[in-house]
Amino acid sequence: MTLTVLAGHREYYDILGITPRANPDEIKSAWRKVSREKHPDKNKGDPNAEELYAKINRAYHVLSDKEKRRIYDQKGEEGVQKHEANQEAGGGGMNPFDMFFGGGRRQENKGPDLRIKMPVTLEDIYNGKEVTMFMTKQMICPHCRGTGADDPDDMKTCPVCNGQGHVTKKQQIMMGFFQQVQVTCDNCEGKGTTYNTKCHVCGAAKVIEQGVDELSVFIEKGIKHGQKMTFSGVGNEYADKAASDVHFEIVEVPHPVFTRKDNDLHMKMNLTLHQALLGFSKKVKHLDGRILTIESDKVVQPGQILKVEGEGMPLHEYSSQHGDLYIEYVVNIPKKFTEEQMSLLKTFFMGK
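Residues numbered from 1 in each chain as written. Predicted model: local features only at pLDDT ≥ 70, side-chain atom pairs only at ≥ 80, totals over all residues. Heavy atoms only, no water.

A.B. asks: Explain the overall build of the chain here, please?
C.D. replies: Scanning the chain from N- to C-terminus turns up 8 helices and 17 strands. Taking 2.2 N^0.38 as the reference for a compact globule, 352 residues should give roughly 20 Å; the C-alpha atoms of the chain span a radius of gyration of 34 Å, well beyond that estimate. Projected onto the principal axes, the alpha-carbon positions of the chain cover approximately 120 × 70 × 45 Å. Counting across all 352 residues of the chain, residues that qualify as buried make up 36%. Relative to all contacts within the chain whose residues are 6 or more apart in sequence, the contacts with residues 24 or more apart total 64%. Total accessible area on the chain stands at roughly 22,100 Å², and carbon and sulfur atoms take up 51% of it. Once the 48 positive and 49 negative side-chain charges of the chain are each reduced to a mean point, those two points are 3 Å apart. (Helix = DSSP H or I, 4+ residues; strand = E, 2+ residues; numbered from the N terminus. Rg over C-alpha atoms; globule rule 2.2 N^0.38 Å. Buried < 20%, exposed > 50% of the residue type's maximum accessible area, 1.4 Å probe, protein only. Contact = heavy atoms within 4.5 Å. Areas by Shrake-Rupley, 256 points an atom, 1.4 Å probe, with all protein chains shown as cover. Lys, Arg positive; Asp, Glu negative; His and termini not counted. Charge placed at Lys NZ, Arg CZ, Asp CG, Glu CD.)

See below:
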């Protein structure tokens, strides 16, 4: 039997002049260079210029998308087209017959979600901040690109299923009756391709367990404790399905001065007896670094609360609006007084 050499689906890489192990920056750089050189405006005498330029852009469109590149490396353009068709079908509403036969929107086959608790300071929630996260996760093998083959040119069409990934078998259902069923090809494990030499990096596992990825997460102003942020397709990577989603759960770190209650801030301010009776002027450093001046020329009662409007937390998704700041006065009464102080207090309170 004649075997067809697939060359690891190399066409798009060849169009851009890169190897299958090129990283995203190399892919983008190559696309910019080739698209400038092969632009139809610069090759007006070439009748195939438009077609080539379209292929260049298609190659970049596929290889710059992590999921489409994974599929292309294993199944070529045909596999990518099926993936795109499935996405369109899944996002385009529900088949009316599904209402009667228990169907629904087509679910994408992807890995289990990752959930990560993310400690965030009250300052970052108040001001908003972009945070760089480094995640250790399972990643597609950078050498074989998820094919399992040590050399992409070593990949061949499976001789058993002829690249279909499945074979048809007869199955007896009762005496004298048979039916034809499709089963996964044992020779290629449903991939449609085979290879002679296993990848020396992953041992044909197609993934590596301790890959490190960098992810930029923006902490939105006013986001609340326990709120989740979802990033699709940036979690663990798989050779046979889409990468998992990552859910970051906000964990608000306790602050030494302020306590948050919904959109309001609360704090305690210590006063001496002198300050409580005769007045005071004190400074409070806010979460954005501003200095608030809190002052009074009246007697302040222990436990009295001052409301400062508009100095609370920004409202999530309406960050120009703020809650309020509540300051509870804590009056520190001395445990002991001198005889002279006691005499003055008696004169003041008892008129003696």
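We are not done yet, so read on.
A.B. asks: Help me understand the pattern of salt bridges in this model?
C.D. replies: Between side chains of opposite charge, a pair can form when the charged atoms approach closely. Within the structure shown, the criterion is met by 18 salt bridges. For Lys268, the salt bridge identified is with Glu328, shortest N-O distance 2.9 Å. With Lys268 in strand S11 (residues 264-272) and Glu328 in strand S17 (residues 325-332), this pair connects stretches of sequence that are 60 residues apart. Classification of Glu328 by relative accessible area gives partly exposed; the value is 27%. The structure contains a network of salt bridges with shared partners spanning Arg58, Lys68, Glu77 and Glu84. (Salt bridge = Lys/Arg side-chain N within 4 Å of Asp/Glu carboxyl O.)

A.B. asks: Where do I start with the nonpolar core in this structure?
C.D. replies: Soluble, globular proteins show a tendency: their nonpolar side chains are buried together. Among the nonpolar cores identified, the biggest contains 32 residues, and Ile219 and Phe248 are the most heavily contacted of them. Per element, the largest residue contribution to this core is 4 residues, and it comes from S11. For Ile219, the contacting residues outside a window of four places in its chain are Met118, Val120, Asp124, Ile125, Gly128, Lys129, Val131, Met229 and Ile250. Ranked by size, the runner-up nonpolar core spans 17 residues in total, among them Tyr12, Val34, Val62 and Ile71. (Core = buried A, V, L, I, M, F, W, Y, C linked by side-chain atoms within 4.5 Å.)

A.B. asks: So what exactly am I meant to see when it comes to the sheet that holds S11 here?
C.D. replies: For sheets, the rule is that strands pair by backbone hydrogen bonds, running either parallel or antiparallel. Here we have 4 strands laid out as an open sheet, ordered S10-S11-S17-S14, and mixed in their pairing. The open sheet has two edge strands with one neighbour each: strand S10 (259-261) and strand S14 (305-308). On average, adjacent strands in this sheet sit at an angle of 30° to one another, irrespective of strand direction. For S10 and S11, the ladder comprises 3 bridges, and the chain directions are antiparallel. Bridge pairing links Arg260 to Leu265 in S11. (Pairing = 2+ DSSP bridges. Axes fitted to C-alpha atoms, helices over the stretch in contact; angles between N-to-C directions.)

A.B. asks: Sorry if this is basic, but what is going on with the sheet that holds strand S9 (residues 246-252) here?
C.D. replies: Pairing within the open sheet is mixed, and its 3 strands lie in the order S1-S9-S8. Edge positions in the sheet fall to strand S1 (114-120) and strand S8 (228-231), since each has one partner strand and no second. On average, each strand axis in the sheet is tilted by 25° relative to the strand beside it, whichever way the strands run. Relative to S9, S8 runs antiparallel, the two sharing 4 bridges.

Everything listed is a geometric property; what it means functionally is a separate question.
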